[in-house]
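# Topology and contacts: notes
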There are 2 protein chains.
Amino acid sequence: MKLIIDAMSGDNAPQALVSGCVMAAKEFGQEYVLVGQEDILRDLLNKEGAENLPITIRNATEVVDMHDDPARVLRRKKDSSMAVAFRMLAEGEGDALVSAGNTGAQLSGATLIVKRIRGIRRAALPTLLPTKTGKVLLIDSGANTECTPEYLLQFAFMGSFYMQKVVGVDKPRVGLINNGTEDTKGDPLRKEAYALLKQAGDEGRIHFVGNVEGSDIMLGTCDVAVTDGFTGNVVLKTIEGAAKFLGSGIKKVFLTNTRTKLGYLFVKPQLKSFMAVMDSSEVGGAPFLGVSKPVFKAHGSSDARAIRSAVMQAIRYVEGDVVKTIQENIDQMTI
Amino acid sequence: MKLIIDAMSGDNAPQALVSGCVMAAKEFGQEYVLVGQEDILRDLLNKEGAENLPITIRNATEVVDMHDDPARVLRRKKDSSMAVAFRMLAEGEGDALVSAGNTGAQLSGATLIVKRIRGIRRAALPTLLPTKTGKVLLIDSGANTECTPEYLLQFAFMGSFYMQKVVGVDKPRVGLINNGTEDTKGDPLRKEAYALLKQAGDEGRIHFVGNVEGSDIMLGTCDVAVTDGFTGNVVLKTIEGAAKFLGSGIKKVFLTNTRTKLGYLFVKPQLKSFMAVMDSSEVGGAPFLGVSKPVFKAHGSSDARAIRSAVMQAIRYVEGDVVKTIQENIDQMTI
């Protein structure tokens, strides 16, 4: 398998991408192409002592930055690392693409250069979150601000396939995020999506467990939490904010006085490993589900470890062959 | 001031309501009317030794329960404690009403029996949440699943008045919850609401600070976080779920082994008081903003202490005269 790495993407480019790629090559094998400014990348690779690793470089002179208009940058900067990387994927010069670049620009690249799977109305960006009992896939977590009931139905299917093939959940339980668990809850979008999901569940096409509330998401009541990208973004960011608030509160507790500081020493390793569960570098990235080839988005603030995690997930995504599963089941995912 | 207490409301009725009322009478003074089944309430009051407190009883034979249809119960059960309490408030037999009953039934009572303030399109149910630097009012947190841009504008004004008059924030910063901070973000509702809020801010009618993300809510970037009731419900419940998830994770950390259990003893008081910040019994309740008289909703699971807190906030709400402030400013709150 060959992975295309958009080496000039994200806040810590290109160092984090190169180091993360080197870590991945050592740990997982596979082949890699780093796309970006050749001299800089060559230099970094040499410093990493990566001469004998299966990593090559593809030169791309331009860089997408935060001032570029996401919707147009891939057409305007045709020799940017991101545009080159997307064209390479589209033309079969690699099996998956990993980028930590702007989400909007990646979504454009995924849908306009690589293209959606035939029959898929919108590509979705899911996020895998920790729960009390395992993991939950929040889908869509931000790619599509406005959705139709059919998009939500397709998100449910794509999320189920992802949890099955990549995370290894046998019969993923699908919940619809709503403002109450009763069947009659929600705005028109929720009510219509509920009817579609219920029918798909009754026919055994998915394992629909009904409406779920915000409080259920992290408590493990479902494996796939379906919502529109507006609500998904707000949910994801709210969790981030709540975790920061609680994390800083706990920190303050331990810093109160000498006695509490002493207490910290007794729980330090356990507390650190629990806090790491909430850390995005452990999760790494997410695929644009519904795109005809694997495009993996890493967090913009990714460090080398997070890039390594994103690569690992991209490998699992390719091996799980989620794209093919979606293609084969497209008839039961449309209305 | 006379407070009307719907004594048969909530999961712990009537005990929690009676005890909470007794606590409030001892601590805050004021007069109280407990509405509900007279013999039961008389008995509980006697057990509390409340003979000399300014608490009277109004008999109401029926009880609203969870099987009743919220929209119709007040018409169907005219002698329920809730229906009697709402009529008493409407007819001037008290200055405020506190109930821990079904939210939907209370919203019906507030809008159909007590009525909205003239010019207010919808009553909103706000929730006061802790932040890193103080408190934020989430409005609407669940009363109105579908909203127009004008509702959101009115929520911004009502929330500002509440934070000013009841919580004591001088110039409350208003943020619009959105899927990004840029001006252009959001679905059509957000874009139109943004324009209205921006104009009100530019004209100095409110202190609008722009779009805020989910992650900003608990970090103290605004004092009033405006959203529709669907998103508000999801945000509120997501925070609840995240807090439970993190709380149980922290608990597990301390229960790992003898060493960590020992560590717990060093931070116990500080940890407990931080966890209490997240506890709803400390917050107590919320008013239906936009209703022509003070209706205060306490959490359904309220214990006596939470009822006492709700009564305290209801007193502050009456003293702050938020209803009058809304009435006096109604012209600048409509489009």
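Check the entry above for the structure.
Since we're looking at a predicted model, the values are computed, not measured.

Turning to the packing of helix H6 (residues 149-167) of chain B against helix H11 (residues 304-320) of chain B, a few remarks are in order. Residues and elements named next belong to chain B. It is the contact of H6 with H11, at a shortest axis distance of 8 Å, that shows an interaxial angle of 105 degrees. Judged by the angle between their axes, H6 and H11 are roughly perpendicular. Two secondary-structure elements touch here, H6 through Tyr-162, Lys-165 and Val-166 and H11 through Gln-313, Arg-316, Tyr-317 and Gly-320. When its residues are assigned to classes, the contact of H6 with H11 shows three nonpolar, two polar and two charged.

On to the side chain of Asn-178 of chain A, then. As for its placement among the helices and strands, Asn-178 of chain A is situated in the loop between strand S7 (173-177) and helix H7 (188-202). You can call Asn-178 of chain A buried: its relative accessible area is 0%. Here the side chain of Asn-178 of chain A touches Gly-186 of chain A through a polar contact of 3.4 Å, landing on its backbone nitrogen. Reaching out from Asn-178 of chain A, the side chain makes a polar contact with the side chain of Asn-211 of chain A at a distance of 3.2 Å. When neighbours within four sequence positions are excluded, Asn-178 of chain A is seen to be in contact with Lys-185, Gly-186, Arg-190, Asn-211, Val-212 and Glu-213 of chain A together with Phe-230, Asn-233 and Val-234 of chain B.

All names here are of chain A. Ordered by their spatial adjacency, six strands build an open sheet running S3-S2-S1-S4-S11-S10, and the pairing between neighbours is mixed. Strands at the two margins of the open sheet, each flanked by one partner only, are strand S3 (55-59) and strand S10 (285-287). Strand-to-strand twist across the sheet, computed as the mean angle between neighbouring axes with direction ignored, equals 25 degrees. Bridge count for strand S4 (residues 96-99) against strand S11 (residues 295-298) is three bridges, and the pairing is parallel. In the sheet register, Leu-97 faces S11, and the bridge partner there is Val-295. Packing of helix H4 (residues 81-90) onto the sheet brings it into contact with strand S1 (2-6), strand S2 (31-36), S3, S4 and S11, and relative to S2 it is tilted by some 140 degrees.

Residue and element names in this part refer to chain A. For the pair helix H1 (residues 15-28) and helix H2 (residues 38-47), interaxial distance at closest approach is 10 Å and the crossing angle is 45 degrees. Between H1 and H2, the interaxial angle falls into the category oblique. Considering only the axes of H1 and H2, their crossing is right-handed. In this structure, H1 contributes Gln-15, Val-18 and Val-22 to the contact, and H2 contributes Leu-41, Leu-44 and Leu-45. Of the residues assigned to the contact of H1 with H2, the class counts are five nonpolar, one polar and no charged.

All names here are of chain B. Position of Ala-110 among the secondary structure elements: in helix H5 (residues 103-114). A residue is classified by how much of its surface remains accessible, and Ala-110, at 0% relative accessible area, is buried. Expressed as a C-alpha distance, the spacing of Ala-110 and Ile-4, which sit 106 residues apart in the sequence, is 14 Å. Look past the residues within four positions of Ala-110 in its chain and what remains in contact with it is Phe-86, Lys-115, Arg-116, Phe-288, Val-291 and Val-295.

This brings us to the relation of the copies chain B and chain A. Overlay of chain B on chain A (RMSD 0.0 Å): rotation 180 degrees, translation along the axis 0.0 Å. Both copies of the chain, as the preceding transformation shows, are related through a two-fold rotation axis. No C-alpha of chain B lies nearer the rotation axis than that of Gly-263 of chain B, which sits 2.1 Å from it. Residue by residue, 100% of the interface of chain B is reproduced at the interface of chain A, so both copies engage with the same surface.

On the surface, a cluster of positive charge is contributed by Lys-132 of chain A together with Lys-244, Lys-251 and Lys-252 of chain B. Mapped onto the elements, Lys-132 of chain A comes out in the loop between strand S5 (127-130) and strand S6 (135-139).

Turning our attention to the interface of chain B and chain A. A common measure of how large an interface is: the accessible area buried when the components associate. Contacts between the two partners involve 53 residues from chain B, matched on the other side by 53 residues from chain A. For the pair chain B and chain A, the summed buried area comes to about 4,600 Å², and 75% of that belongs to carbon and sulfur atoms. If you sort the residues of chain B by the area they bury against chain A, Phe-230, Phe-245 and Phe-266 of chain B come out on top, with a joint share of 16%. Across the contact surface, chain B and chain A share two salt bridges. Glu-213 of chain B serves as the salt-bridge partner of Lys-237 of chain A, at 2.4 Å between the closest nitrogen and oxygen. Joining chain B to chain A, the criterion identifies eight residue pairs in polar contact (both at pLDDT 80 or more).

Residues and elements named next belong to chain A. Burial of S1 is extensive: four of the five residues sit out of reach of the surface. In this sheet, S2 lies alongside S1 in parallel orientation, the contact comprising five bridges. Following the sheet pairing, Ile-4 is matched in S2 by Val-33. A crossover connection joins S1 to the parallel S2 through H1; in handedness this β-α-β unit is right-handed. Sheet topology note: the S1/S4 ladder contains four bridges and is parallel. What sits directly across from Leu-3, in S4, is Ala-96.

It is worth spelling out the packing of aromatic side chains at this point. The description of an aromatic ring pair uses the distance of the two centres, along with the angle that the planes make with each other. Applying the stated rule across the entire model yields 14 aromatic pairs over all chains. With centroids separated by 5.9 Å and ring planes inclined at 65 degrees, the aromatic side chains of Phe-296 of chain B and Tyr-317 of chain B adopt a geometry described as edge-to-face. One end of the pair, Phe-296 of chain B, is in strand S11 (residues 295-298); the other, Tyr-317 of chain B, is in helix H11, and 21 residues separate them in sequence. A relative accessible area of 1% places Tyr-317 of chain B in the buried class. Three or more aromatic residues joined by ring pairs form one cluster here, namely Phe-254 and Tyr-264 of chain A together with Phe-254 and Tyr-264 of chain B.

The rules behind these values
As a convention, each chain's residues are numbered from 1 in the sequence order in which they are written. Each chain gets a letter, beginning with A, and each ligand a number, beginning with 1, in the order they are written. In keeping with the model being predicted, local features are shown solely for residues with a pLDDT of at least 70 and side-chain atom pairs are shown and tallied solely at 80 or more, while totals for entire chains, interfaces and linings include all residues. Hydrogens and water molecules were not included; the side-chain quantities draw on all heavy atoms of the structure. Comment: axis = line fitted to C-alpha atoms, over the contacting stretch for helices; angle = value between 0 and 180 degrees taken between N-to-C directions. Strands are runs of DSSP state E lasting at least 2 residues, helices are runs of H or I lasting at least 4, and numbering of each runs from the N terminus. Roughly parallel covers angles under 35 degrees, roughly antiparallel covers those over 145, roughly perpendicular covers 65 to 115, and oblique covers all other angles. By the convention used here, residues are in contact when the closest approach between their heavy atoms is within 4.5 Å. Nonpolar residues are Ala, Val, Leu, Ile, Met, Phe, Trp, Tyr, Cys and Pro. Charged residues are Asp, Glu, Lys and Arg, and all others, Gly as well, are polar. Throughout, exposure labels follow a simple rule: accessible area from a 1.4 Å probe, protein chains only, divided by the maximum for the residue type, with under 20% read as buried, over 50% as exposed, and the rest as partly exposed. Polar contacts, as counted here, are pairs of nitrogen or oxygen atoms within 3.5 Å of one another; within protein the pair requires one atom able to donate a hydrogen and one able to accept it, and residues that are adjacent in sequence qualify only if both atoms are side-chain atoms. In this analysis, strands are considered paired if DSSP registers two or more bridges between them. If you view the pair so one helix is near and one far, a crossing is left-handed when the near helix is turned anticlockwise from the far one by less than a right angle, and right-handed when it is turned clockwise. For the least-squares superposition of copies, only C-alpha atoms count, and only for residues with pLDDT at least 70 in both. Each patch is built from residues lacking any salt bridge and having more than 30% relative accessible area; the joining distance is 9 Å for like charges and 5 Å for nonpolar side chains (Val, Leu, Ile, Met, Phe, Trp, Tyr). All accessibility values rest on the Shrake-Rupley procedure with a 1.4 Å probe; residue burial counts only the protein chains present in the view. The rule for a salt bridge is simple: a side-chain nitrogen of Lys or Arg has to be within 4 Å of a carboxyl oxygen of Asp or Glu. Charge assignment: positive for Lys and Arg, negative for Asp and Glu; neither His nor the chain ends contribute. Each charge is placed at NZ for Lys, CZ for Arg, CG for Asp and CD for Glu. Note: buried area is the sum, over both parts, of the accessible area (probe 1.4 Å) each one loses when the two are combined. With the strands aimed away from the viewer, a crossover counts as right-handed if its path from the first strand over the helix to the second runs clockwise. Pairing of aromatic rings covers Phe, Tyr and Trp, the last counted by its six-membered ring, and requires centre-to-centre distances within 6.5 Å; plane angles under 30 degrees mean stacked, over 60 mean edge-to-face, and any other angle means tilted.

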